[in-house]
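# Fold and geometry: a report
So the chains spell out like this:
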Amino acid sequence: MSQIKKVLIANRGEIAVRVIHSCKELNIQTVAVYSRPDKYAPHVMVADESVFVGEAASSESYLVIDKIIDAARQTGADAIHPGYGFLSENAAFSERCKKEGIVFIGPESKAIRLMGDKTEARKLMGAAEIPTPPGLKSELKDLEEAARVADEIGYPILIKAAAGGGGKGMRIVYKNEEFKSSIKAAKSEARNAFGDDRVYIEKYLEEPRHVEFQIMADTHGNVVHVFDRECSVQRRHQKVIEEAPCAILTPELRQEMAECAIKAAKACDYVGAGTIEFLVDKHKNFYFLEMNTRLQVEHPVTEMISGIDLVASQILVAEGKELPYKQEDLTMNGHAFECRIYAEDPADNFLPSTGLLEKHRVPTGDGIRVDAGVEEGQKITINYDPMISKLTVHGPNREIARKRMLRALDEYEIAGCKTTIPFCEFTLKHPEFIEANYDTHFVQNHFKPEIMQEIQPDKEVVLAATLLKQAHVPENTAAPVTESVSGLWWKNRK
Ligand code: MV4
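Along every chain, residues carry numbers that run from 1 in the direction the sequence is written. The predicted origin of the model limits local features to residues at a pLDDT of at least 70 and limits the giving and counting of side-chain atom pairs to 80 or more, whereas totals for whole chains, interfaces and linings rest on all residues. In computing side-chain properties, one takes all heavy atoms of the structure into account and sets aside hydrogens as well as water.

## A short note on the site of the ligand
- Near, as used in this document, describes a residue that has one of its heavy atoms within 4 Å of the molecule or strand being considered. The local shell around the ligand holds 17 residues, among which Lys160, Glu202, Lys203, Leu205 and Glu290 are the closest.
- For the purposes of these results, a polar contact is taken to be a pair of N or O atoms within 3.5 Å, where, inside protein, one atom must be able to donate a hydrogen and its partner to accept one; residues adjacent in sequence count only when each atom of the pair is a side-chain atom. For the ligand, a nitrogen atom lies 2.9 Å from a polar atom in the side chain of lysine 160.
- Within the backbone of leucine 205, one N or O atom sits 2.9 Å away from a nitrogen atom of the ligand.
- Under the convention used here, a 1.4 Å probe and the Shrake-Rupley method define accessible areas, while residue burial counts only the protein chains that appear. Relative to its unbound accessible surface of 520 Å², the ligand loses 91% to contact with the protein.
- Only strand S6 (157-161), strand S8 (199-203) and strand S13 (286-292) provide two or more residues apiece to the shell around the ligand.
- Only Asp, Glu, Lys and Arg are considered charged, only Ala, Val, Leu, Ile, Met, Phe, Trp, Tyr, Cys and Pro nonpolar, and every remaining residue, Gly among them, polar. Among the residues forming the shell around the ligand, the class breakdown is seven nonpolar, six polar and four charged. Helix and strand labels come from DSSP, where a helix needs a run of H or I of at least four residues and a strand needs a run of E of at least two; each type is numbered from the N terminus.

As structure tokens, then:
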């Protein structure tokens, strides 16, 4: 395969900007696509060229395969990076790119389709001897089968959509009498969300932690893992804080899970960047949950602990080159956290908080990364995901990274809409989170909206405070530093 010269990014926001950054560093030309309200969005500003693809609704712009392909032809792009969301896990889109002679920077349609069907994925992983939650590996046929399986593996049982993922079409069942109505509800939700009402059942694991492994695979049969992330802090199946590495994995458990992740990738002839999701129970048993066949939102924490540019790696692999690193070249360095800063009101059930971004001043300093796809003066609308930015920090260990994140969150100034910053502060200061003693029910178990009323300032207060700070510049009275500071300064500090 030949060198990629021009990449069209079939996405918007921070991920489009992120992909463009790596393209530029690889001397690859970039093409942005944009909807009407995104005409002056950051991803358009940083790209070499841009093409208008339609109206605000994604279904009329970013999701229209014909328009994206046309934009690539018009500009002579020889590859398309789908980012995440939108067309990134659309097997038909991957296939169409191939047919048009455009490189899809992602896996083959076969792997996307296979992993998109959760029963097929379970079957494959079972055959590869990767642990999966007990239950059915094909579609649930009828109530009798449900009762029989439940007798075998015990309650509670989770009904899941075969075409699912992300929590849609799920129902927990505690006793046999609930099956009938729960199956009906799950099927109806799955039909609406995916146009596919097939469901299957699994043992419902209580209080699990969500731990995932980043893998990278090339077309020469090389598969490596780039360590793990924990993503248990989520609400309504939306992650809010992620960290790498997972704080509770022993080296032995990490090794065992990583081997399973690599086996999973090999089992579907995977090529590119992928993520193997596991649930880990309180006895540290782990179970394969699903495989995501895309670059993930939370990839920056992995980049920060590994030093690997995952987007550049995706591009090299798409060009048919060998991965430029082997497993033994990869090491974990320190600890990273990511906070997703959403325009949402944590005091009001995380309701999207749209409006004009009047102020956006980001934290700075060593070990701090901000992936933002919006800038000051821009409107946050309900057309797209209400994520303002991702704040990722790195430190030599978990505790220093945690403190650095709190400092960065404190420094972050946003006015014009409510944000998840106070929620992130609450979580990072929580004793159980500090001890890494948390699971996927953390928000449900520890968070009450009332806590936010005390913390969240009004936007007028934020603006006033900013103006005051700008007016009052204190004199520098600090004594000059004379002693050299040890690189291990944190050792004597709690
Ligand atoms: C589960 C589970 C417990 N037991 N499966 C949620 C989204 C979808 N990807 C699968 N999910 C779950 N599957 C069994 N057998 C609990 C969840 C789950 C969850 C998983 C990861 C992160 C957050 C979650 C929140 C609620 C439920």
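Still more ground to cover, so stick around.
## Section: the pairing of S6
- For S6, the tally of buried residues reaches five of five residues, placing the bulk of the element in the interior.
- We call two strands paired when DSSP finds no fewer than two bridges between them. Where S6 meets strand S7 (residues 171-173), three bridges bridge the pair, whose relative direction is antiparallel. Bridge pairing in S7 links leucine 158 to isoleucine 172.
- As paired strands, S6 and S8 are joined by five bridges and run antiparallel to one another. Paired with alanine 161 across the strands is valine 199, a residue of S8. Between buried and exposed lies partly exposed: a residue is buried under 20% and exposed over 50% of the maximum accessible area for its type, with that area taken using a 1.4 Å probe on protein chains only.

## Digging into the sheet that holds strand S2 (residues 29-35)
- A sheet is described by the order of its strands in space; here five strands give the open sequence S3-S2-S1-S4-S5, paired in parallel fashion. The sheet is open, and its two borders are formed by strand S3 (49-54) and strand S5 (103-104), each paired with just one other strand.
- Inspection of the sheet shows strand S1 (residues 6-9) paired to S2 by four bridges, in the parallel sense. The residue of S2 that forms the bridge with isoleucine 9 is alanine 32.

## A look at empty space enclosed by the protein
- Points on a 1 Å grid over protein atoms alone make up a cavity when a 1.4 Å probe fits among them but cannot get out, and a pocket when they form an open set with protein on both sides within 12 Å along at least five of seven lines; lining residues each have an atom within 4 Å of a point. Grid points are joined across faces, edges and corners, and a volume is the space filled by probe spheres set on the points. Under the defined criterion, the tally for this structure stands at one cavity of 30 Å³ or more.
- Ile105, Gly106, Thr293, Arg294 and Gln314 are, among the 14 residues lining the largest cavity, the residues nearest its centre.
- Within the lining of the largest cavity, the residues separate by chemical class into seven nonpolar, six polar and one charged.

## Comments concerning the nonpolar core
- Residues Ile4, Val7 and Met216 are the most contacted members of the largest nonpolar core, which totals 38 residues.
- Elements that contribute at least two residues to this core include exactly S1, helix H1 (13-25), strand S10 (223-235), helix H10 (299-306), helix H11 (310-318) and strand S14 (335-342).
- In what follows, residue pairs with any heavy atoms lying within 4.5 Å of each other are defined as contacts. Residues in contact with methionine 216, not counting those within four places in the same chain, are Asn222, Val223, Val224, Val226, Gly272, Ala273, Leu310, Ser313, Gln314, Val317, Leu323 and Tyr325.
- Within this scheme, the nonpolar core is defined by two criteria: the residues are buried Ala, Val, Leu, Ile, Met, Phe, Trp, Tyr or Cys, and they are joined through side-chain atoms within 4.5 Å. Judged by nonpolar contacts, the second largest core, of 35 residues, contains Cys339, Ala408, Ile421 and Phe433.

## Topic: the side chain of glutamine 314
- Residue placement: glutamine 314 occurs in helix H11.
- Not counting residues within four places of it along the chain, the set of residues in contact with glutamine 314 comprises His81, Ile105, Met216, Ala273 and Leu295.

## Details of the environment of histidine 335
- Here histidine 335 is to be found in strand S14.
- The sequence separation of histidine 335 and proline 300 amounts to 35 residues, and the corresponding C-alpha distance is 12 Å.

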